[in-house]
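The primary structure of each chain is shown beneath.
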Amino acid sequence: MKSLDEYMVLAEQAHGHMCAGQILGLRMALYGLRLLGVDDPEGLDRKRLVTFVEIDRCATDAIPIVTGCRLGKRALKFRDFGKVAATFCDLKQDRAVRVVAKETSKQRARELYPDITDRNRQQMRAYREMPDDDLFAAQWVQVALGPEEFPGYKGERQVCVECGEGINFKRGVLREGRMLCKACAGERYYTPL
Ligand SMILES: [Zn+2]
Ligand SMILES: [Zn+2]
């Protein structure tokens, strides 16, 4: 594993700026991997991890910097729950830990560095130093992952009978014997013009 400082340099490059959320995300991932006993995510443990993230904010950009789990490799899963939380799944040991940022962490940062008036700087400073227990709560969880969820899954491609578009990874919806894509099944997030 690299040091927090080294990860911060990489995170800043990837995210475009350094911020309190980046530090929180890096530390969240470091904590999660430590709890799992994974210490070589870029080498020996490269295909061992899947990470679920629950928010699309700064912290989320920082997590793959540590875990190596990327969306395009199917090892990063986004569940839009609006929470600063992530679940780190160890495929080798078949166990997972969910880490959530504590609501009290901002208040704790204010208490530690009342003289730093800039909130982001105050939190950046505090989040570098605060013990894991002050920043996060962790719980062991079970995550049901079908074979189609894993990186490298090769399965039969489906075709939507409505729009004709191809569907991968069993994301099709069987309705009254007809194979539909999620959009045609009613989950469309866009409106065709
Ligand atoms: Zn940011
Ligand atoms: Zn369709």
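All of these numbers come straight from a predicted model, not from anything done at the bench. (Residues numbered from 1 in each chain as written. Chains lettered and ligands numbered in written order. Predicted model: local features only at pLDDT ≥ 70, side-chain atom pairs only at ≥ 80, totals over all residues. Heavy atoms only, no water.)

K.L.:
Please set out unusual backbone geometry residue by residue, giving values where relevant.
P.N.:
One non-glycine residue, arginine 74, lies in the positive phi region at around 65°. Looking at the secondary structure, you find arginine 74 in the loop between helix H3 (58-67) and strand S2 (76-78). We note that glutamate 176 has phi near 50°; this positive angle belongs to a residue other than glycine. By the secondary structure assignment, glutamate 176 is in the loop between strand S8 (173-175) and strand S9 (178-180). Residue glutamate 176 is classed as exposed on the basis of its relative accessible area of 79%. (Helix = DSSP H or I, 4+ residues; strand = E, 2+ residues; numbered from the N terminus. Buried < 20%, exposed > 50% of the residue type's maximum accessible area, 1.4 Å probe, protein only.)

K.L.:
Which residues make up the environment of arginine 110, and what are the values?
P.N.:
Note that arginine 110 resides in helix H4 (residues 105-112). Judged by relative accessible area, which is 30%, arginine 110 ranks as partly exposed. Sequence separation of arginine 110 and glutamine 139 is 29 residues, and the distance between their C-alpha atoms is 26 Å.

By themselves, these figures tell us nothing about what the structure is for.
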